[in-house]
Amino acid sequence: KKYLLHWASLFLAVMQNKGRGTFISFEGIDGSGKSTQIELIKKYLLKNKKKVLFTREPGGTFEAELIRKLILSKNKKINLDNKTEILLLLAARHEHYKKLIEPAIRNGTIIICDRFIDSTLAYQCAGNNELKKFYFQISKLLINKFEPDLTILLDISPIKALERINERKNKNKYDNKNLSFFSNVRKGYNELAKNNSRIQKLNALNDKNILAEKIRKLIINLLK
Ligand code: TYD
């Protein structure tokens, strides 16, 4: 009886994994060209008629987008404690994961997510072990060990990134932070890339179409 149960659960696990979707995140400091590359891969995947979902963090659902408004608000009166900010990001992630990501993965969707866990680690926790520990403790309760199958990290120096941002109109509150803040975020990303094989770091200064081709190849390879 015990054996039967064992094989039955193994069979179930294999079957569940078979129809399982794929989760791909895009990361990079502001001004890395992330949005442009997501647009290009979107065109490609939609043209190839894949079952694909495009979403972002913080946000992705109605409730999570409300939390996003609060987190990214430019209102000078809002001054969140570091841990409060992490809790809000995780609250938004919980909504997003439970209501959108998890069901989509279960029904075999390819999900392209503009930012995910690595953003929180790089933006909120880089260089701060106490915050990192805090993040992991809470995150585990919400999404357990869930992580992307592939993460595209667009790497760029903060100086070049700021040059790009200054050409833009809509800036959010992070865009106004200084170079040392972005250097620290970049360092955080690079450390994550070193320790996680799911993260593919690409040079964001490459020509936009060459970069798009590289990203396409990585994704096609993963979907094979
Ligand atoms: P971004 O995704 O670049 O969108 P847009 O270019 O449309 O403004 O901006 C979202 C901001 O949120 C970005 O500055 C990084 C920040 N962020 C964090 O600080 N931590 C997180 O965990 C996430 C998901 C985002």
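What you are looking at is a predicted structure, and each value in this text was computed from that prediction instead of being measured. (Residues numbered from 1 in each chain as written. Predicted model: local features only at pLDDT ≥ 70, side-chain atom pairs only at ≥ 80, totals over all residues. Heavy atoms only, no water.)

Undergrad: Explain the packing of aromatic side chains to me, please; I cannot follow it from the model alone.
TA: Any two aromatic rings considered together are summarised by their centre-to-centre distance and by the angle between their planes. Taken as a whole and judged by the stated rule, the model has eight aromatic pairs. With a centroid separation of 5.9 Å and an interplanar angle of 90 degrees, the aromatic rings of Phe116 and Phe146 are classed as edge-to-face. Here Phe116 is found in the loop between β3 (110-114) and α5 (117-124), whereas its partner Phe146 is found in the loop between α6 (129-143) and β4 (150-155), with 30 residues between them in sequence. A connected cluster of aromatic rings, assembled from ring pairs, spans Phe23, Tyr97, Phe116 and Phe146. (Phe/Tyr/Trp six-rings, centres within 6.5 Å; stacked < 30°, edge-to-face > 60°. Helix = DSSP H or I, 4+ residues; strand = E, 2+ residues; numbered from the N terminus.)

Undergrad: When you look at the packing of helix α7 (residues 158-166) against helix α8 (residues 179-195) in this model, what are you seeing that I'm missing?
TA: Two quantities define a packed helix pair, namely the angle between the helix axes and the distance between the axes. Their axes nearest at 9 Å, the elements α7 and α8 cross at an angle of 120 degrees. In terms of orientation, α7 and α8 fall into the oblique class. Crossing handedness for the pair α7 and α8: right-handed. Between α7 and α8, the residues in contact are Pro158, Ile159 and Leu162 and Leu179, Phe182, Ser183 and Arg186, respectively. (Axes fitted to C-alpha atoms, helices over the stretch in contact; angles between N-to-C directions. Parallel < 35°, antiparallel > 145°, perpendicular 65-115°, else oblique. Left-handed = near helix turned anticlockwise from the far one by under 90°. Contact = heavy atoms within 4.5 Å.)

Undergrad: Sorry, what's going on with the environment of His96 here?
TA: Position of His96 among the secondary structure elements: in helix α4 (residues 82-106). For the pair formed by His96 and Gly59, sequence separation is 37 residues and the distance between their alpha carbons is 6.8 Å. Not counting residues up to four positions away in its chain, the partners in contact with His96 are Thr55, Arg56, Glu57, Gly59, Gly60, Thr61, Ile101 and Cys113.

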